[in-house]
Amino acid sequence: MKTISSGFCRFIQYFSALIVVAFLGGCNLDTRMSTFVTKGPIAEEQLNLFMLTVWVTGIIFVIVGGVFVYAVIKFRERPNDDRPMPSQGHGNPLVEIGLIGASILLLAIIAVPTLRAIWFTQETPDDPESRLGAWYQGDDLAEEEAENPLIIKVIGYQWWWAFEYPQLGITTANEMIIPAGKVVHLELRSIDVIHSFWLPRIAGKVDLIPGRTNSMWIQAGDNFAKWKEKQGLEGEGPELRQDYAKYLEEEIHDYYYGQCAEYCGESHARMLFRTTAVDDQAFAEWVADEKAGHGTPDGKSWDEWYTAYEENPEELTGDLNEGLKLFMGRAKCATCHTVNGNPRALGVAGPNLTNIGSRQSIAAGWLNHRAEDGSIDVEKQYDNLYKWIHEPEVVKPGNLMWKANGGGIGELIDEHGEPALLTDEEVSKLSLYLQSLK
Ligand code: HEC
Ligand SMILES: [Cu+2]
């Protein structure tokens, strides 16, 4: 009897130590996927609601637990106990009505802010300072868009993300660029199965559902008015504006981590994305860069390059030209990928690769080459591109670049119909070419 109970005690000790360690492990709240250190009104609203619920349920837990423990200790049976059975309260109208009333009250305390939060997150606010006309500094904006906030169409694919900016005529993938401090309206849909958009520090999850468009709004950081309110400041003036710009630069301009949050098939866990919040000018420059796209490796016009490619391809020498020739020809990359500027690289089955050399990750955030200081680690970038083009099916099992009904690069064949996977040298040239797209 004794040994059993001391063994049990030891088990309890170890078990509670384990629990404490597990809890302490979660103590760093300031991580990249944290929902506790918020960077914008949506995540902040959701955190407040969460904390309110934690408080209400925490208080219930303490009261009910306290009464329970008290009753267990006070009324427990003792050795040779000959006290009478304590009086039974079952069916006491005061207690019953009291409990029902208390439950309704607590539900109301949670329901009212919940509804408020739902409305707040559902309705994209019309913030004059977020209207495109008020901040967008590029010159190619249709006049009727000046009154609208920036719209981004988020499209989920197994297992990557397309981000379309319909008002600006550009599309990118896996790394979404947004202006800091501005309302951005998102329209979310899916090409295949259900995915879920989750950018923890900025906004909670919204599903991407085939055949249906969901919408939400996000904002990285507070707008000017909200920032002033939180700082207890009032008025206008260039100095305040400067301080606000400083706040955005120091606290909001950052590289945020996102993740698909709804199981969507075998590589679901490798369906990440990134969001960079930048200032208005950097945003406009990025848009211009995306629109302009890329020229040919040696400065020829695309017409000249294609004439040479068709008539004397051996004239096009050097790693980048070799890479581009493979990209357009034997390796079939252009059948699935668009590269802006290149008039014949128009594929849409895979991510748009414009400026892929400037991105800090590939394969939907799964392969990273962002250095500590936020720059690109060029060697790592080359390794990642090489690894991805060499064996995407190992990096992301099941992905639709390797096997795609005969169109994938794992299914390349030569003129005799024999398998003819890319050689190491070919993969290397393709990687160098993609690295030059920046
Ligand atoms: C059958 C269509 C298809 C072909 C052909 C194809 N790709 Fe892809 N590619 C995809 C898809 C789909 C993805 C997204 C995979 C994922 O992340 O799940 C992708 C992703 C990529 C990425 C990562 C992009 C990003 O935004 O992170 C690169 C780089 C890339 N492909 C390069 C190439 C190169 C180089 C070739 C030619 C050797 C090629 N692809 C051929 C469909 C294709
Ligand atoms: Cu998923």
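Predicted model, so just to flag it, every value in this text is computed and none were measured.

Chemist: Now, about the overall build of the protein chain: what can you tell me, with residues and values included?
Modeler: Each helix and strand in the protein chain was counted, giving twelve helices and twelve strands. A globule of 438 residues ought to have a C-alpha radius of gyration of about 22 Å, yet the protein chain, at 29 Å, is considerably larger. Dimensions of the protein chain along its principal axes, counting C-alpha atoms only, are 105 × 65 × 40 Å. A total of 438 residues make up the protein chain; the buried ones form 29% of that total. For the protein chain, the share of sequence-separated contacts (at least 6 apart) that also reach a separation of at least 24 residues comes to 63%.

Chemist: Requested: an account of the UniProt feature "transmembrane region" (unreviewed entry) in the protein chain, with residues and values cited.
Modeler: Per the UniProt annotation, the sites labelled "transmembrane region" (unreviewed entry) are residues 12–29, 49–73 and 94–119. Summarising residues 49–73: 100% helix, 0% strand, and an end-to-end C-alpha distance of 36 Å. Note that residues 94–119 is 100% helix and 0% strand, and that its end C-alpha atoms are spaced 37 Å apart.

Chemist: Could you give an account of the UniProt feature "domain: Cytochrome c" (unreviewed entry) in the protein chain, with specific residues and numbers?
Modeler: The feature "domain: Cytochrome c" (unreviewed entry), as given by UniProt, occupies residues 318–438 in the numbering adopted here. Within residues 318–438, the helical portion is 32% and the strand portion 3%, while the C-alpha atoms at the span's ends are 18 Å from each other.

Chemist: Kindly report on helix α10 (residues 378–390), identifying the contributing residues and their values.
Modeler: An α-helix turns once per 3.6 residues; consequently, residues spaced three or four apart project the same way. Taking 1.5 Å of rise per residue, the 13 residues of α10 would be expected to cover 18 Å, and the 18 Å separating its terminal C-alpha atoms lies within 8% of that figure. When α10 is considered as a whole, its buried residues turn out to be Gln 381, Asn 384, Leu 385, Trp 388 and Ile 389. Down the axis of α10, the buried side of the element spans an arc of 120 degrees, and every buried residue falls inside it. For α10, the secondary structure elements touched by its buried residues are β11 (361–362), β12 (367–368), α11 (392–395) and α12 (424–435).

Chemist: Tell me about the site of ligand 1, and please be specific about residues and values.
Modeler: The environment of ligand 1 is made up of 31 residues, and the closest members are Cys 333, Cys 336, Gly 350, Pro 351 and Met 401. Counting only elements with at least two residues in the shell around ligand 1, the list comes to α10 and α12. Residues of the shell around ligand 1, tallied by class, amount to 22 nonpolar, seven polar and two charged. Both domains that furnish three or more residues to the shell around ligand 1 are identified here as domain 1 (31–69 + 91–280) and domain 2 (293–435).

Chemist: Describe the domain arrangement of the protein chain, listing the residues and the values that go with them.
Modeler: Domains assigned within the protein chain are domain 1 (31–69 + 91–280) and domain 2 (293–435). Using only C-alpha atoms to locate each centre, domain 1 and domain 2 end up separated by 35 Å. Each partner contributes residues to the interface: domain 1 has 19 residues there, and domain 2 has 16 residues. Broken down by class, the residue content of the side of domain 1 that touches domain 2 amounts to nine nonpolar, six polar and four charged.

Chemist: Tell me about the sheet that holds strand β1 (residues 150–157), and name the residues and values.
Modeler: Pairing within the open sheet is mixed, and its five strands lie in the order β3-β2-β1-β5-β8. Either end of the sheet is taken by a strand with one partner, and the two such strands are β3 (170–173) and β8 (214–218). In this sheet, neighbouring strand axes are inclined to one another by 25 degrees on average, regardless of whether the strands run parallel or antiparallel. By the bridge criterion, five bridges tie β1 to strand β2 (residues 160–165) in an arrangement that is antiparallel. Residue pairing in the sheet places Gly 156 in a bridge with Trp 161 of β2.

Chemist: Would you mind going over the sheet that holds strand β4 (residues 175–179) in detail, with residue names and values included?
Modeler: The strand order across the open sheet built from five strands is β4-β10-β9-β6-β7, with neighbouring strands paired in mixed fashion. In the strand order of this sheet, the two ends are held by β4 and β7 (203–208), each with one partner. Pairwise comparison of adjacent strand axes, ignoring direction, gives a mean angle of 25 degrees for this sheet. As judged from the five bridges shared by β4 and strand β10 (residues 272–278), these two strands associate in the parallel manner. Directly across from Ile 178, in β10, lies its bridge partner Ala 277. In the packing of helix α7 (residues 280–292) onto the sheet, contacts are made with β4 and β10, and the angle to β4 comes to roughly 135 degrees.

Chemist: Describe in detail the environment of Leu 199, supporting the description with residues and values.
Modeler: Note that Leu 199 resides in strand β6 (residues 195–199). Residues Leu 199 and Gln 259, 60 residues apart in the sequence, show an inter-C-alpha distance of 6.7 Å. Those residues in contact with Leu 199 that lie beyond four places of it in its chain are Ile 218, Tyr 256, Gly 258 and Thr 275.

Thresholds, definitions, all that
- Residues numbered from 1 in each chain as written.
- Chains lettered and ligands numbered in written order.
- Predicted model: local features only at pLDDT ≥ 70, side-chain atom pairs only at ≥ 80, totals over all residues.
- Helix = DSSP H or I, 4+ residues; strand = E, 2+ residues; numbered from the N terminus.
- Rg over C-alpha atoms; globule rule 2.2 N^0.38 Å.
- Buried ≥ 20, exposed ≤ 12 C-beta atoms within 10 Å, placed from the backbone.
- Contact = placed C-beta atoms within 7 Å.
- UniProt positions renumbered as here; feature names shortened; annotations may be inferred.
- Expected span 1.5 Å × (residues − 1).
- Arc of directions from axis to C-beta.
- Near = placed C-beta within 6 Å.
- Nonpolar A, V, L, I, M, F, W, Y, C, P; charged D, E, K, R; others polar.
- Domains from an automatic or database assignment.
- Pairing = 2+ DSSP bridges.
- Axes fitted to C-alpha atoms, helices over the stretch in contact; angles between N-to-C directions.

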